[in-house]
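Secondary and tertiary structure notes
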Amino acid sequence: MLYLYHTIVKRIALQNFLRVNRKDYAPILKSCSPDVHHRFGGHHALGGERHDREALGRWFERLGRLAPTLQLTVHDVWVKGFPWNTTVIMRWSAVQDLPDGSPYNNHGVHIIRMRWGKVFDIDANEDSQLVAASLQIWAAYGVNEALADPILS
């Protein structure tokens with residue numbers, strides 16, 4: 001029975017990464033608890049911590065504007081735990097085209113914690129210096145939001 005649960009959670013996690021690629025954030029937000037905690041490394045427009053679903057929604061919308069061609073590829077997913085305390089670890093890579101023509105290639109790991117089918121903690125770990133450098137390129141091409149303060153809650 002636990003194997004079936006882990007299989008379902010893994011499938012949902014993979015679908016959510018595909019939703020990020022399509023900029024379809026509403027189903028992801030629906031799967032989060034109202035007081036979801038989201039961490040994204042670095043002090044830049046995408047960095048910082050959010051502590052509720054509304055702020056995470058604003059962060060996703062900003063991600064869509066600042067990384068319009070971002071494509072995530074999941075390489076590994078591990079699920080452990082029971083429905084009342086589940087941990088999902090996802091190893092991924094990301095690519096996008098930057099406005100100066102240079103490629104963006106990053107990789108990272110998400111650690112996602114769930115309780116009774118709701119995500120309550122997302123810890124995104126990637127090369128935050130690379131993210132910051134890409135935001136500087138967007139800013140140089142007139143995307144002022146790339147220099148905005150982080151969305152915090």
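Residues numbered from 1 in each chain as written. Predicted model: local features only at pLDDT ≥ 70, side-chain atom pairs only at ≥ 80, totals over all residues. Heavy atoms only, no water.

Attention now goes to helix 4 (residues 128-140). Look at helix 4: 19 Å from first C-alpha to last across 13 residues, which is about the 18 Å you get at 1.5 Å a residue. Buried within helix 4 are the following residues: Val131, Ser134, Leu135, Trp138 and Ala139. In a view along the axis of helix 4, the buried residues occupy a sector of 145°, so they form one face of it. Exposed and oriented more than 90 degrees from the buried face of helix 4 are Gln129 and Ala140. Where the residues of helix 4 are buried, they touch strand 1 (32-40), helix 3 (53-66), strand 4 (85-97), strand 5 (103-115) and strand 6 (118-126). For helix 4, the N-terminal capping position is held by aspartate 127, with its side-chain oxygen 3.1 Å away from the main-chain nitrogen of glutamine 129. At the C-terminal side of helix 4, glycine 142 shows a positive phi close to 90°. (Helix = DSSP H or I, 4+ residues; strand = E, 2+ residues; numbered from the N terminus. Expected span 1.5 Å × (residues − 1). Buried < 20%, exposed > 50% of the residue type's maximum accessible area, 1.4 Å probe, protein only. Arc of directions from axis to C-beta. Contact = heavy atoms within 4.5 Å. Polar contact = N/O pair within 3.5 Å; in protein donor to acceptor, adjacent residues only side chain to side chain.)

This brings us to the pairing of strand 1. Both strand 1 and strand 6 contribute to a ladder of five bridges, which runs parallel. The residue bridging histidine 37 from the neighbouring strand is aspartate 121, located in strand 6. Pairing analysis gives three bridges linking strand 1 to strand 2 (residues 48-50), with the strands arranged antiparallel. Bridge pairing in strand 2 links arginine 39 to glutamate 49. (Pairing = 2+ DSSP bridges.)

Counting 41 residues, the largest nonpolar core has Leu46, Leu56, Trp59, Phe60, Leu63 and Val88 as its most contacted members. Tallying contributions element by element places helix 3 first for this core, with six residues. Once residues lying within four places of it in the same chain are set aside, the contact partners of phenylalanine 60 are Val20, Tyr25, Ile28 and Leu29. (Core = buried A, V, L, I, M, F, W, Y, C linked by side-chain atoms within 4.5 Å.)

The subject of this paragraph is the side chain of asparagine 16. Mapped onto the secondary structure, asparagine 16 falls in helix 1 (residues 2-22). Side chain to side chain, asparagine 16 and arginine 19 meet in a polar contact 2.9 Å long. Beyond its immediate stretch of four places on either side in the chain, asparagine 16 contacts Ile28 and Ser31.

Under the criterion given, the structure shown has five aromatic pairs. On the basis of an interplanar angle of 15° and a centroid distance of 4.9 Å, the ring pair of tyrosine 25 and phenylalanine 60 is categorised as stacked. Taken as a pair, tyrosine 25 in the loop between helix 1 and helix 2 (26-30) and phenylalanine 60 in helix 3 lie far apart in primary sequence, 35 residues in all. Residue tyrosine 25 shares its accessibility class with phenylalanine 60, and that shared class is buried. (Phe/Tyr/Trp six-rings, centres within 6.5 Å; stacked < 30°, edge-to-face > 60°.)

The next subject is the pairing of strand 3 (residues 71-82). Pairing of strand 3 with strand 4 involves 11 bridges; the strand directions are antiparallel. Its bridge partner lying in strand 4, valine 74 is registered against tryptophan 92. In textbook terms, the turn of a hairpin is the stretch between consecutive antiparallel strands, and for strand 3 and strand 4 this stretch comprises two residues.

Moving on, we come to the sheet that holds strand 2. Strand order in the open sheet formed by six strands is 2-1-6-5-4-3, and the pairing between neighbours is mixed. Edge positions in the open sheet fall to strand 2 and strand 3, since each of these has one partner strand only. Looking at each pair of strands side by side, their axes are set apart by 10° on average, direction ignored. Sheet topology places strand 4 next to strand 5; 12 bridges connect them, and they run antiparallel. Within strand 5, the position partnered with valine 95 by the bridge is asparagine 105. Along the sheet, helix 3 makes contact with strand 1, strand 2, strand 4 and strand 6, crossing strand 1 at roughly 50°. Each of strand 1, strand 4, strand 5 and strand 6 touches helix 4; the most contacted strand, strand 5, lies at about 125° to it. (Axes fitted to C-alpha atoms, helices over the stretch in contact; angles between N-to-C directions.)

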